[in-house]
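Commentary on secondary and tertiary structure
These are the residues of each chain, in order.
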Amino acid sequence: PVAGKLDQREALLRDALRCQRARDFVGAERHLRRFMEEYPEDVRGLIHLANVRRAQGDRQGALDAYKAALKRDPDNPLALWWKADYHLSEPLNPDLAQAQLALKKIVQVFGRRKDDVAKQWVEQAKGKLRYCDSRKFSLESHRYLKSKPGEPPSEKNLRKARELLTKARDVYPEGPRNHMNL
């Protein structure tokens, strides 16, 4: 009976994710609502609901659902990860500080654990933190590349921008954007 209950739980989530991938957001939300009714203690329903809302362009609804999941389970790595990803998803003005808070919490909570799952969460969070640092340097370099219309940036500003972009590349060498910017 317990195994059947777990299988049903996972089947509901699997169906919701399948609907989301097919862009059937109504179907995904229907499965997630049922999941949340039947398993209110499992915050994965709220997390995936947030992802559905985000896919629909409802950024505030997504953020509210991430926050609700974290209110119920403040140390949930999946909720922390997706909330960080949400804050990084704004292309022109990502909220790096909020993303870093969520990622640092994953490292803090799971950093001393020895199991493979915890180690994997910590490794992924540390990689994303390096990405955040890199993005910060990259965004700061834009300030030095701006100049008056029709005028190129000064040599001094170009050197500063290059220095920042080099730091961005060095902090996160696996990021293709960092290599292209240089």
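The structure we're discussing is the one just above.
Predicted, not measured: the structure shown is a model, and the values here were computed from it.

A short note on the overall build of the protein
Looking only at helices and strands, the protein has nine helices and zero strands in total. For the protein, the sequential pattern of α-helices and β-strands runs α-α-α-α-α-α-α-α-α. Its C-alpha radius of gyration of 20 Å places the protein more than 25% over the 16 Å reference for a compact globule of 182 residues. Accessible surface for the protein amounts to roughly 11,100 Å². Of this, 52% is attributable to carbon and sulfur atoms.

Here we look at the packing of helix α3 (residues 44–55) against helix α5 (residues 77–88)
Each pair of packed helices can be described by the angle between their axes along with the distance between the axes. One can describe the packing of α3 onto α5 by two numbers: an axis separation of 10 Å at closest approach and a directional angle of 15 degrees. Considered as vectors, α3 and α5 are oriented roughly parallel to each other. For the crossing formed where α3 meets α5, the hand is left-handed. Residues R44, I47, H48, N51 and R54 of α3 touch α5, and the partners they reach there are L78, A79, W82, D85 and Y86.

Focus on the nonpolar core
Counting residues in each nonpolar core, the largest one holds 41 residues, and the members touching the most others are L103 and I106. Among the elements that take part in this core, helix α6 (residues 96–110) stands out by supplying seven residues, more than any other. Residue contacts for L103: discarding those within four places in its chain leaves W81, A84, A125, K128, L129 and C132. By size, the runner-up hydrophobic cluster in this structure holds five residues, among which are F137, Y144, A161 and L164.

Focus on the side chain of Q20
Inspection of the secondary structure assignment puts Q20 in helix α1 (residues 2–21). Given the relative accessible area of 18%, Q20 is considered buried. Not counting residues up to four positions away in its chain, the partners in contact with Q20 are F25, A28, H48, N51, V52 and A55.

Overview of the environment of K67
Mapping K67 onto the fold places it in helix α4 (residues 59–72). In the structure, K67 is positioned 78 residues away from L145 in sequence and 37 Å away in space, judged by C-alpha atoms.

Things to note about helix α8 (residues 155–171)
In an α-helix there are 3.6 residues to a turn, and that puts residues three or four apart on one side. With 17 residues, α8 extends 24 Å between its outermost C-alpha atoms, agreeing within 8% with the 24 Å of an ideal straight helix rising 1.5 Å per residue. Residues A161, L164, L165 and A168 constitute the buried set of α8. Seen from one end, α8 has its buried residues packed into an arc of 95 degrees, which puts them on one side. Seen from the open side of α8, the exposed residues pointing more than 90 degrees away from its buried face are E155, K156, R159, R162 and D170. Residues of α8 that are buried make contact with α7 (116–145) and α9 (176–181).

Let's talk about unusual backbone geometry
In this model, R23 sits at a positive phi of 65 degrees, which is unusual for a non-glycine residue. What makes R23 exposed here is its relative accessible area of 56%.

Concerning the packing of aromatic side chains
A full pass over the atoms with the stated rule returns four aromatic pairs. Over the aromatic face of Y86 sits the side chain of R59, whose NZ or CZ is 4.2 Å from the ring centroid. A cation over an aromatic ring shows up here: K128 above the ring of Y131, its NZ or CZ 5.7 Å from the ring centre.

Cut-off values and rules
Residue indices follow the written sequence of each chain, beginning from 1 at its first position. Predicted model: local features are reported for residues with pLDDT of at least 70 only, side-chain atom pairs are reported and counted for 80 or more only, and whole-chain, interface and lining totals are derived from all residues. Calculation of side-chain values draws on the structure's entire complement of heavy atoms; hydrogens and water are dropped beforehand. Note on conventions: DSSP H or I runs of at least 4 residues are helices, E runs of at least 2 residues are strands, and numbering of each starts at the N terminus. All radius of gyration figures rest on C-alpha atoms, and the globule criterion is 2.2 Å times the number of residues raised to 0.38. Using the Shrake-Rupley algorithm and a 1.4 Å probe, accessible areas are obtained, with residue cover drawn only from the displayed protein chains. Fitted lines through C-alpha atoms serve as axes, helices being fitted only where they are in contact, and the angles separating the N-to-C directions of these axes extend from 0 to 180 degrees. Any angle from 65 to 115 degrees is called roughly perpendicular, while one under 35 is roughly parallel, one over 145 is roughly antiparallel, and all others are oblique. Note on convention: near helix rotated counterclockwise from far helix by under a right angle means a left-handed crossing. Clockwise means right-handed. Whether two residues touch is decided by their heavy atoms; if any such pair falls within 4.5 Å, the residues are in contact. Among buried residues, the Ala, Val, Leu, Ile, Met, Phe, Trp, Tyr and Cys ones that are joined through side-chain atoms within 4.5 Å form a nonpolar core. Buried, partly exposed and exposed residues are distinguished by accessible area as a fraction of the type maximum, computed with a 1.4 Å probe on protein chains only: under 20%, between the cut-offs, and over 50%, respectively. The span you would expect from a helix comes to 1.5 Å times its residue count less one. Throughout, the arc means the angular range of directions from the helix axis out to the C-beta atoms. Each Phe, Tyr or Trp ring (for Trp, its six-membered ring) is paired with any other whose centre lies within 6.5 Å, and the angle between the two planes then decides the class: stacked below 30 degrees, edge-to-face above 60, tilted in between. Placement of a charge over a ring requires the Lys NZ or Arg CZ to be within 6 Å of the ring centre, with the centre-to-atom vector within 35 degrees of the ring normal.

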